[in-house]
Amino acid sequence: LGFNLTYPTTEELGSLPAGVKTSAAVAGTPAASVVNGKTLLIIGVNGKRVQNSLASYCQAAGNLQSGQTANLTVMDITDQAHPGKPEVVKLAVP
């Protein structure tokens, strides 16, 4: 999908749910239009929960195939003191 991911610790997340963090994406990918200068916490992929690890993200997203639509549950945590509510974004898998 094109996200550049980081794996925050439970301490870094504080009261936020588990997930992987992204604030950058590969130019020209579906992820680039979603990130667009924000810091997002990806907490789910197609209804599967994501924990704070690459293995967890890969397990949730690993069966996506080109042409499918991925439904990512994300939170805008650009201002971590005032995070956005979880929302589903739809991305076409390249």
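Look up a bit, the structure's there.
Keep in mind it's a predicted model, so treat the numbers as computed, not measured.

Enquirer: What should I look at first to understand the nonpolar core in this one?
Expert: Most often, soluble globular proteins keep nonpolar side chains buried together rather than apart. Counting 20 residues, the largest nonpolar core has Phe3, Ile42, Val45, Tyr57 and Leu72 as its most contacted members. Elements supplying a minimum of two residues to this core: β1 (3-6), α2 (30-35), β3 (40-45), α3 (54-61), β5 (69-76) and β6 (87-92). Excluding its chain neighbours within four sequence positions, the residues that come into contact with valine 45 are Val50, Tyr57, Ala60, Ala61, Leu64, Asn71 and Leu72. In terms of nonpolar packing, the next biggest core, distinct from the first, is built from six residues, Leu13, Leu16, Met75 and Ile77 among them.

Enquirer: Explain the side chain of serine 56 to me, please; I cannot follow it from the model alone.
Expert: Position of serine 56 relative to the elements: it lies in helix α3. From its side chain, serine 56 meets the backbone nitrogen of glutamine 51 in a polar contact 2.6 Å long. Apart from residues lying up to four places away in sequence, serine 56 is in contact with Arg49, Val50 and Gln51.

Enquirer: So what exactly am I meant to see when it comes to the side chain of threonine 22 here?
Expert: Counting through the fold element by element, threonine 22 comes out in strand β2 (residues 20-25). Within the structure, threonine 22 has its side chain in polar contact with the backbone oxygen of asparagine 4 (distance 2.9 Å). Leave out the neighbours within four places in its chain, and threonine 22 touches Phe3, Asn4, Leu5, Val35, Lys38, Thr39, Leu40 and Ile42.

Enquirer: Please explain the pairing of β5 as it appears in this structure.
Expert: The side chains of a regular strand alternate between both faces of the sheet. Pairing geometry for β3 and β5, over five bridges, is antiparallel. Bridge pairing links isoleucine 42 to valine 74 in β5. As paired elements, β5 and β6 share six bridges and run antiparallel to each other. Across the sheet, residue alanine 70 finds its bridge partner in β6, namely leucine 91.

What counts, and at which threshold
Residues numbered from 1 in each chain as written. Predicted model: local features only at pLDDT ≥ 70, side-chain atom pairs only at ≥ 80, totals over all residues. Heavy atoms only, no water. Core = buried A, V, L, I, M, F, W, Y, C linked by side-chain atoms within 4.5 Å. Buried < 20%, exposed > 50% of the residue type's maximum accessible area, 1.4 Å probe, protein only. Helix = DSSP H or I, 4+ residues; strand = E, 2+ residues; numbered from the N terminus. Contact = heavy atoms within 4.5 Å. Polar contact = N/O pair within 3.5 Å; in protein donor to acceptor, adjacent residues only side chain to side chain. Pairing = 2+ DSSP bridges.

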